[in-house]
Amino acid sequence: MSNPLPDPFADRPDWAPLPPRPVDIVPATGRIELRGRRVLVGLPGLGWRGDLRADERVVQGSRTYVPVIPEHEWYRAESEQVEVFAPLVPVERVWVETVGERRPSAGPPDSGIRLVSLDAPTRRPPTPVFEADSVTGRRLVHVTGAIEQRDLRAVTEAYSGADGDICVRVAPELEWYRWAWRGQAPTTMEVPVHLLWLE
């Protein structure tokens, strides 16, 4: 039972969905508008922290800082028009998530350990949900043809839907976080797993 599931799209390139564009991670020191963007903060050689959003740069003296807010607080501030505390992080310690360009497939993923550089946050390629061990709470992209719907969170693990499809229920991120601060259950939609990718 430890064998991986077979690829349902093997030998069927005509109807296999294209993966979404990958998330690229670029330094915030560049000319990028930051307000509301997903960011990572950290230090090369030490590590990185995600699930954060940024506001516009602030200059104090000769230093440039980025106000950084935990993502759930950012959604609460935007939705309910309240002020939240945003620590100022030196701009050189902030990296911005951007949607990159589609790249040609690099072939099947390695089954071993993938080593990375500690000089910058690592870009993760989109992963089909049917290859993931667990998905509840994770960021997803719903791909239908050329349309990518982002800012979604998985609310369930994969299950057998009413029509026999293997599905996951997803919610918009705002509702996912509202569920935490208000206890208000999110509006969800059932999506077949072959249309979902981990971001």
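Counting from 1, residues in each chain are numbered in the order their sequence is written. Confidence filtering applies because this is a predicted model: local features only for residues at pLDDT of at least 70, side-chain atom pairs given and counted only at 80 or more, and all residues used for totals across whole chains, interfaces and linings. In computing side-chain values, all of the structure's heavy atoms are included and hydrogens and water are not.

1. Let's talk about the overall build of the protein chain
Definition in use: Working definition: helices are DSSP H or I runs of at least four residues, strands are E runs of at least two. Numbering for both runs from the N terminus. With a 1.4 Å probe rolled over the protein chains alone, any residue whose accessible area is under 20% of its type maximum counts as buried; one over 50% counts as exposed, and the rest are partly exposed. Contacts are assigned to residue pairs that have any heavy atoms within 4.5 Å of one another. All accessible-area figures derive from a Shrake-Rupley calculation using a 1.4 Å probe, and residue coverage is judged against the displayed protein chains alone.
In terms of regular secondary structure, the protein chain is built from two helices and 14 strands. Of all 199 residues assigned to the protein chain, the portion counted as buried reaches 35%. For the protein chain, restricting intrachain contacts to residue pairs at least 6 apart in sequence, the fraction spanning at least 24 positions comes to 55%. Total accessible area on the protein chain stands at roughly 12400 Å², and carbon and sulfur atoms take up 53% of it.

2. Some details on the packing of aromatic side chains
We count it as follows: Two rings belonging to Phe, Tyr or Trp (six-membered ring only in the last case) form a pair when the distance between their centres is within 6.5 Å. Interplanar angles under 30 degrees mark stacking, angles over 60 mark edge-to-face geometry, and anything in between is tilted. Here, a charge over a ring means that NZ of Lys or CZ of Arg falls within 6 Å of the ring centre while also lying within 35 degrees of the ring normal.
This structure, assessed with the given rule, holds four aromatic pairs. An angle of 80° between the planes, with centres 5.9 Å apart, marks the rings of Trp 48 and Trp 95 as edge-to-face. Here Trp 95 lies in strand S7 (residues 94–99) and Trp 48 lies in strand S3 (residues 47–54), a separation of 47 residues in the sequence. Using a relative accessible area of 14% as the deciding quantity, one classes Trp 95 as buried. Judged by centre distance (5.8 Å) and plane angle (75°), the ring pair of Trp 176 and Trp 179 falls under edge-to-face. Placement of the pair is Trp 176 and Trp 179 together in helix H2 (residues 173–182), with a separation of three residues, close to one helical turn. Through pairs of rings, three or more aromatic residues link up here, namely Trp 74, Tyr 75 and Tyr 177. It is Arg 53 that lies over the ring of Trp 74; its NZ or CZ is 4.6 Å from the centre.

3. A look at unusual backbone geometry
Backbone geometry at Gln 81 places phi at a positive 50°, although glycine is not the residue there. Tracing the chain through its elements places Gln 81 in the loop between helix H1 (71–80) and strand S6 (88–90). What makes Gln 81 exposed here is its relative accessible area of 65%. Phi is positive for Asp 151, close to 60°, though the residue is something other than glycine. Mapping Asp 151 onto the fold places it in strand S10 (residues 147–154).

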